[in-house]
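Here's the letter readout for the chains.
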Amino acid sequence: MPETTCAIVGGGPAGMMLGLILARCGVAVTVMEKHADFLRDFRGDTVHPSTMRMLDELGLFAEFNKIGYSKVEKAEFPVDGQPVTLVDFRRLRQRHPYVAMVPQWDFLDLLADAGRTEPNFTLRMRTEVTGLLRDGDRITGVRYTGPEGDGELRAELTVACDGRTSVVRREAGLRTRDYPVPFDVWWFRLPRNEDGQYSLIPRTGPGRALIMIPRTGYFQVAYLIPKGSDAGLRARGLDAFRAELAELIPEADTASLASWDDVKHLDVQLNRLPRWYRDRLLCIGDAAHAMSPVGGVGINVAIQDAAAAARLLYQPLREHRVTVSDLAAVQRQRTLPTAITQGLQRILHRQVMEPVMAGAEITPPGALVGIMRRLPQLSAIPAYLVGTGVRPEHVPVPARR
Ligand SMILES: Cc1cc2nc3c(=O)[nH]c(=O)nc-3n(C[C@H](O)[C@H](O)[C@H](O)COP(=O)(O)OP(=O)(O)OC[C@H]3O[C@@H](n4cnc5c(N)ncnc54)[C@H](O)[C@@H]3O)c2cc1C
């Protein structure tokens, strides 16, 4: 039976980053991704200062810079006609003090291309993991379906990076603790002619909110709807929806939405595994903790998980002696940053998203506006939490170039 040292399930941000770093550290890895390419649009596009610092450490920033992206340097909120800066990335002491808006497929292609130059790196596209191999309680690899049919791959460690609906997590019998989320997302494109700016702060109207991600030639729109309201809202008809949209986005051509098929419904989840591992199996990224889109931080958290896992595991993997306590160390390292980030998302869900979904307008509390106007340097705190994150990671030395 074919073997690898580390089988990584899922070629999203967590899986690709983990695969690249481990391969550069001398560990044989196989990354399995069920799709044929990275060209799916239901992913965020935000690359944060701490991720760009990791790209510097990997020696990939120059390549990344060729992709062509727009920069988000701050988040402002208009109050009485005057903008109040709530988040200012320029205040971060980072080499790249901004969020780069990069189509995620370009970012993943960059990591895949870098991986392919490493002799220890294997990427299998169109390979869907369907189950786990076991020896008693120990996980010894994966079952998959690929272009050549069904197969099995033995591995000393299996890492689930297969996202919010992780098959590996389910097969391993690991159960998440779920937190309430007041909204789902409708995800669709609108053509645009002129340059648009991404804002971390949604555009809102009574009971409505949306985020627009500027991509070449179109806006990718994330339109927030109350949880469970998808069918009811669709029943009101496409014309009613287009009219609402035109109020929120007067600069876009809403007539281009030809049918409800153009509007995808995404179920937003927020959850976390109490235990991220079993003997020879580890979950990271959304497979361990599904992130809400609020704040646009999920990609960064997944990448930080990957860097922490690679740093703590490359030595034991190289020496073929990974233990349960090595895997527990990864969870210990990453639980606090994840719990704090999700805690902030839950506060924003309760304090901002729930009232907005119920029809209220969002305005920052007057006291907060006053404080931010008097002490603008405080805008560095949310910038740090979003752009750098709690307990930021570095690329381990053997993987640096
Ligand atoms: C509507 C929405 C908008 C968001 N916007 C943003 C944003 O702007 N910025 C941000 O930072 N975060 C955003 N997030 C969160 C972000 O998308 C996730 O936190 C992040 O993608 C997690 O990365 P990951 O690598 O863990 O998982 P994923 O990105 O979900 O990647 C999992 C990969 O595994 C593959 N896969 C799944 N099952 C299998 C299988 N059985 N076999 C093989 N491969 C498999 C999938 O095809 C996928 O490529 C958003 C989330 C939602 C729901």
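Look up a bit, the structure's there.
This text gives an overview of the structure that appears in the document.

What counts and how
Residues numbered from 1 in each chain as written. Predicted model: local features only at pLDDT ≥ 70, side-chain atom pairs only at ≥ 80, totals over all residues. Heavy atoms only, no water. Helix = DSSP H or I, 4+ residues; strand = E, 2+ residues; numbered from the N terminus. Rg over C-alpha atoms; globule rule 2.2 N^0.38 Å. Buried < 20%, exposed > 50% of the residue type's maximum accessible area, 1.4 Å probe, protein only. Contact = heavy atoms within 4.5 Å. Lys, Arg positive; Asp, Glu negative; His and termini not counted. Charge placed at Lys NZ, Arg CZ, Asp CG, Glu CD. Phe/Tyr/Trp six-rings, centres within 6.5 Å; stacked < 30°, edge-to-face > 60°. Lys NZ or Arg CZ within 6 Å of the ring centre and 35° of its normal. Near = heavy atom within 4 Å. Polar contact = N/O pair within 3.5 Å; in protein donor to acceptor, adjacent residues only side chain to side chain. Areas by Shrake-Rupley, 256 points an atom, 1.4 Å probe, with all protein chains shown as cover. Pairing = 2+ DSSP bridges. Axes fitted to C-alpha atoms, helices over the stretch in contact; angles between N-to-C directions. Parallel < 35°, antiparallel > 145°, perpendicular 65-115°, else oblique. Left-handed = near helix turned anticlockwise from the far one by under 90°. Expected span 1.5 Å × (residues − 1). Core = buried A, V, L, I, M, F, W, Y, C linked by side-chain atoms within 4.5 Å.

1. Examining the overall build of the chain
If you tally the helices and strands in the chain, you get 11 helices and 20 strands. In terms of overall size, the chain behaves like a compact globule, its C-alpha atoms giving a radius of gyration of 21 Å where 401 residues would be expected to give roughly 21 Å. Dimensions of the chain along its principal axes, counting C-alpha atoms only, are 65 × 50 × 40 Å. Evaluated residue by residue, the chain yields a buried proportion of 56% over its 401 residues. Contacts spanning at least 24 positions in sequence make up 73% of the contacts within the chain whose residues lie at least 6 apart. Distance between charge centroids for the chain: 6 Å, based on 50 positive and 46 negative side chains.

2. Re the packing of aromatic side chains
One pass over the structure, following the stated rule, counts 11 aromatic pairs. Taken together, the aromatic side chains of F61, F64, Y69, Y98 and F107 make up a single cluster linked through ring pairs. Over the ring of Y98 we find K71, and its NZ or CZ is 4.5 Å from the ring centre.

3. Some details on the site of the ligand
Around the ligand, the surrounding shell holds 32 residues, and the nearest of these are E33, R43, T46, D286 and I299. Contact distances for the ligand include 3.0 Å between an oxygen atom and a side-chain N or O atom of H35. Within the backbone of G298, an N or O atom sits 3.1 Å from an oxygen atom of the ligand. Burial of the ligand by the surrounding chains reaches 93%, relative to a free accessible area of 990 Å². Taken together, the elements giving at least two residues each to the shell around the ligand come down to α1 (13–24), β9 (128–135) and α8 (298–318). A per-element tally of the shell around the ligand places α8 first, with 3 residues.

4. With respect to unusual backbone geometry
Peptide bonds are mostly trans, and most non-glycine residues show a negative phi. Not every positive phi belongs to a glycine, and R126 is a case in point at roughly 50°. Within the element layout of this structure, R126 appears in the loop between β8 (121–124) and β9. In this model, H320 sits at a positive phi of 55°, which is unusual for a non-glycine residue. Mapped onto the elements, H320 comes out in the loop between α8 and α9 (324–357).

5. A short note on the side chain of T30
Following the sequence through the fold, T30 ends up in strand β2 (residues 29–32). There is a polar contact of 3.4 Å between the side chain of T30 and the side chain of T4. Residues contacting T30, with those up to four places away along its chain left out, are T4, C6, A7, I8, T122, R124 and L153.

6. What to know about the sheet that holds strand β17 (residues 264–266)
Read across the open sheet, the 5 strands follow the order β14-β15-β16-β13-β17; overall the sheet is antiparallel. Both outer strands of the open sheet, β14 (203–205) and β17, are each paired with one neighbouring strand and no more. Ignoring which end each strand starts from, the neighbouring axes of this sheet average 25° apart. Sheet topology places strand β13 (residues 183–191) next to β17; 3 bridges connect them, and they run antiparallel. What sits directly across from W187, in β17, is K264.

7. A look at the environment of P364
Structurally, P364 is set in the loop between α9 and α10 (366–374). Owing to a relative accessible area of 14%, P364 belongs among the buried residues under this scheme.

8. Considering the packing of α8 against α9
Axis separation between α8 and α9 bottoms out at 9 Å; the angle between their running directions is 160°. It follows from the interaxial angle that α8 and α9 lie roughly antiparallel. As α8 runs across α9, the sense of the crossing is right-handed. Where α8 approaches α9, its residues V301, Q304, D305, A308, A309, R311, L312, L313 and P316 are matched on the opposing element by D326, L327, A329, V330, Q333, R334, T338 and T341.

9. A word on α9
Helix length check: α9, at 34 residues, gives a terminal C-alpha distance of 43 Å against a target of 50 Å (1.5 Å per residue), a shortfall beyond 12%. Looking at the residues trailing α9, positive phi occurs at G359, about 110°.

10. Points about the nonpolar core
In terms of nonpolar packing, the biggest core is built from 80 residues, with L18, I21 and F64 touching the most fellow members. Top contributing element to this core by residue count: α8, with 10 residues. Filtering out sequence-adjacent residues up to four positions away, F64 remains in contact with V47, M52, L55, Y69, A100, V102, F107 and L110. Membership of the second largest hydrophobic core comes to 36 residues, among which are L92, V99, Y179 and L224.

11. Focus on the environment of V87
Position of V87 relative to the elements: it lies in strand β6 (residues 82–88). Since its relative accessible area comes to 11%, V87 is described here as buried.

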